[in-house]
Amino acid sequence: MKKITYIKYLLAIIGLSLVISGFRWLISSEPWLLDQVANEERLGITFQELFSIKGNETLGDYLKQIYRFLGMYVLGIGLFVMSFSKNKILEIKVLRVRILMVLGILLFSNIVLAYIWIPSSHFIFLMWGAIGLYLFCLYNHFKM
């Protein structure tokens, strides 16, 4: 039972960090600036230069829309993870395995994509923290 408690709290922390990240993208007036250095490096141009180009007057609104959707989905995934981090649910082995499998796929694919597309992003540190918590969840799962 103690192993379930560890898994529960670790999943809740991962879920909470996703909720906070998603919420930040939802409420920020310029959400693309939350990772400005990595985004500008990827674009090869500063946002100031990008927005000053003729024809890009509505680009800010478009980016805000895209980031709002990203924020909504990240927040939603965080809420799902938190809602499934309950003892009664995690005691059911098949559910625990599926939760850990899907979360693992998401976390590891995100870190790979981050290193490919935005290697200078400060969000990579947050991702590694979540992967560390996830690996401790796996450790406790296998010890059960």
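Described in the following lines is the structure provided in the data block. Keep in mind the model is a prediction, meaning the values are calculated, not measured.

Thresholds, definitions, all that
Note on numbering: residues in each chain are counted from 1, in written sequence order. Where totals are concerned, whole chains, interfaces and linings use all residues; where local detail is concerned, this predicted model gives features only for residues with pLDDT of at least 70, and gives and counts side-chain atom pairs only at 80 or more. Where side-chain values are given, they derive from all heavy atoms of the structure, hydrogens and water being excluded. Secondary structure elements follow DSSP: runs of H or I of four or more residues count as helices, runs of E of two or more count as strands, with numbering from the N terminus. Think of it in three bands: residues with accessible area under 20% of the maximum for their type are buried, residues over 50% are exposed, and the middle band is partly exposed, with areas taken using a 1.4 Å probe on protein chains only. The contact definition used throughout considers only heavy atoms, calling two residues in contact when any of these lie within 4.5 Å. Per-residue and other accessible areas follow the Shrake-Rupley method at a 1.4 Å probe size, with only the shown protein chains counted as cover for residues. Every helix has an expected span of 1.5 Å times one less than the residues it contains. For patch detection, residues must exceed 30% relative accessible area and be free of salt bridges, and they are connected within 9 Å for like charges or within 5 Å for nonpolar side chains (Val, Leu, Ile, Met, Phe, Trp, Tyr). Any carboxyl oxygen of Asp or Glu within 4 Å of a side-chain nitrogen of Lys or Arg constitutes a salt bridge here. Between rings of Phe, Tyr and Trp, where Trp is taken as its six-membered ring, a pair exists when centres lie within 6.5 Å; planes separated by under 30 degrees are stacked, by over 60 edge-to-face, and by other angles tilted. Residues belong to a common nonpolar core when they are buried Ala, Val, Leu, Ile, Met, Phe, Trp, Tyr or Cys residues joined through side-chain atoms within 4.5 Å.

**Describing the overall build of the protein chain**
A count of helical and extended segments in the protein chain gives seven helices and zero strands. The helix and strand sequence of the protein chain, counted from the amino end, reads α-α-α-α-α-α-α. Overall size of the protein chain, expressed as C-alpha extent along the three principal axes, is 60 × 25 × 20 Å. Counting over 144 residues, the protein chain shows a buried share of 35%. Excluding contacts between residues fewer than 6 apart, the proportion of contacts in the protein chain whose partners are at least 24 apart in sequence is 73%. Accessible area for the protein chain stands at about 9000 Å²; split by element, carbon and sulfur atoms hold 70% of it.

**With respect to helix H1 (residues 2–27)**
Compared with the 38 Å implied by 1.5 Å per residue over 26 residues, the 37 Å span of H1 between its first and last C-alpha is a close match. Within H1 the residues assigned to the buried category are Ile4, Ile7, Lys8, Leu10, Leu11, Ile14, Gly15, Val19, Ser21, Gly22 and Trp25.

**Brief notes about a nonpolar patch on the surface**
A surface patch of nonpolar side chains, about 390 Å² in accessible area, is lined by Val112, Leu113, Ile116 and Trp117. Examined against the element boundaries, isoleucine 116 turns out to sit in helix H6 (residues 93–117). Owing to a relative accessible area of 54%, isoleucine 116 belongs among the exposed residues under this scheme.

**Considerations on the packing of aromatic side chains**
Think of a pair of aromatic rings as described by two things: how far the centres are apart, and how the planes are tilted against each other in angle. Per the stated rule, a full pass over the model turns up eight aromatic pairs. Ring centres of phenylalanine 108 and tyrosine 134 lie 6.1 Å apart, and the angle between their planes is 75 degrees; on these two criteria the pair is classed as edge-to-face. Of this pair, phenylalanine 108 sits in helix H6 while tyrosine 134 is found in helix H7 (residues 123–143), placing the two residues 26 residues apart along the sequence. Clustering of aromatic rings is evident, with ring pairs tying together Tyr6, Phe136 and Tyr139.

**Some words on the nonpolar core**
Core analysis: the largest hydrophobic core is formed by 29 residues, its most contacted members being Leu11, Trp25, Leu90, Leu103, Leu107, Tyr134 and Cys137. Per-element accounting of this core gives the leading share, seven residues, to H7. Discounting residues that sit within four places of it in the chain, leucine 107 has contacts with Ala130, Ile131 and Tyr134.

Nothing here speaks to function; it is geometry throughout.
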